[in-house]
Amino acid sequence: MRPIQKDELYAHLSQFLKAKGVEMKDGSYPRGIQAGCSLLADAINLSQKGITRAKVEIDKNLERMRQAIHEKTAPKPATKAGGNAKAARSPKPAASRPKRKSAKR
């Protein structure tokens with residue numbers, strides 16, 4: 001969005017009111033309306049800059065979050081064929097597990 005010029009809103013408002021039969025002549029009332037339109041244009045321009053900056057930050061953080069999720073959920077790389085693949089998958093060998101005591105009857 002392009003920035004709004006300070007007098008642009010007042011010019012459009014004046015044209016709108018003129019079409020409705022109300023003409024803005026020099027005086028304190030039109031000057032107050034012009035000042036209000038100027039403040040409104042400044043507020044719109046500043047909020048647009050803030051929204052644009054927030055969007056950039058949100059997009060950046062969203063990309064970081066996607067990358068973190070990808071790193072956590074990506075498939076693990078395949079182990080080398082020459083290595084001991086079973087030992088790499090099993091946390092403890094079967095021999096080191098404690099044996100259950102059998103119940104005597």
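Being a predicted model, the structure only gives us computed values, none of them experimental. (Residues numbered from 1 in each chain as written. Predicted model: local features only at pLDDT ≥ 70, side-chain atom pairs only at ≥ 80, totals over all residues. Heavy atoms only, no water.)

> Which parts of the structure should I look at to understand the overall build of the chain?
The helix and strand tally for the chain stands at three helices and zero strands. Walking the chain from its N terminus toward its C terminus, one meets helices and strands in the order α-α-α. Each of the 105 residues in the chain was classed as buried or not, and the buried ones make up 11%. A fraction of 63% describes how many contacts in the chain between residues 6 or more apart in sequence connect residues 24 or more apart. (Helix = DSSP H or I, 4+ residues; strand = E, 2+ residues; numbered from the N terminus. Buried < 20%, exposed > 50% of the residue type's maximum accessible area, 1.4 Å probe, protein only. Contact = heavy atoms within 4.5 Å.)

> I keep staring at helix α1 (residues 8–19) and nothing clicks. Help me out?
Structurally, the α-helix is built with 3.6 residues per turn, so residues lying three or four positions apart point the same way. The end-to-end C-alpha distance of α1, which contains 12 residues, comes to 17 Å, matching closely the 16 Å that a straight helix rising 1.5 Å per residue would cover. Looking at α1, one finds that the buried residues are Tyr10, Ser14 and Leu17. One side of α1 holds all its buried residues, which, seen down the axis, span an arc of 70 degrees. In α1, the exposed positions that point more than 90 degrees away from the buried face belong to Gln15 and Ala19. Structurally, α1 contributes buried residues whose contacts are with α2 (28–73). (Expected span 1.5 Å × (residues − 1). Arc of directions from axis to C-beta.)

> Just to check I follow, could you spell out the confidence of the model for the chain for this structure?
In low-pLDDT segments, the atomic positions of the prediction should not be examined closely. Scored by pLDDT, the chain comes out at a mean of 84, with 76% of its residues at no less than 70. Least confident of the elements in the chain is helix α3 (residues 85–89), whose mean pLDDT is 53; most confident is α2, at 95. (pLDDT = per-residue confidence, 0-100.)

> I'm lost on the packing of α1 against α2 in this one. Help?
For any two helices packed against each other, one specifies the crossing angle of their axes together with the interaxial distance. α2 packs onto α1 with a crossing angle of 130 degrees between their chain directions and a minimal axis gap of 8 Å. Taken as axis vectors, α1 and α2 run oblique relative to one another. You can see that α1 and α2 cross each other, and the crossing is right-handed. Along the contact surface, α1 presents Leu9, Tyr10 and Leu13, while α2 presents Pro30, Ile33, Gln34, Cys37, Leu40, Ala41 and Ile44. (Axes fitted to C-alpha atoms, helices over the stretch in contact; angles between N-to-C directions. Parallel < 35°, antiparallel > 145°, perpendicular 65-115°, else oblique. Left-handed = near helix turned anticlockwise from the far one by under 90°.)

> Whenever I open this one, the nonpolar core confuses me. Can you help?
Nonpolar side chains tend toward joint burial in soluble globular proteins. Formed by Tyr10, Leu17, Met24, Ile33 and Cys37, the largest nonpolar core amounts to five residues. Listed by contribution, the elements that provide at least two residues to this core are α1 and α2. (Core = buried A, V, L, I, M, F, W, Y, C linked by side-chain atoms within 4.5 Å.)

> Please clarify how the pattern of salt bridges should be interpreted in this entry.
Between side chains of opposite charge, a pair can form when the charged atoms approach closely. Tallied over the entire structure, the rule returns five salt bridges. Of the charged contacts, one joins arginine 2 and glutamate 8 as a salt bridge, the two residues approaching to 3.2 Å between their closest N and O atoms. (Salt bridge = Lys/Arg side-chain N within 4 Å of Asp/Glu carboxyl O.)

> Before we go on, may I ask you to explain the environment of glutamine 5 in this structure?
Checked against the element boundaries, glutamine 5 lands in the segment before α1. Separated by 36 residues in the primary sequence, glutamine 5 and alanine 41 have C-alpha atoms spaced 6.8 Å apart.

> Please clarify how α2 should be interpreted in this entry.
With 46 residues, α2 extends 66 Å between its outermost C-alpha atoms, agreeing within 8% with the 68 Å of an ideal straight helix rising 1.5 Å per residue. All of the buried residues in α2 are Pro30, Ile33, Cys37, Ser38, Ala41 and Asn45.

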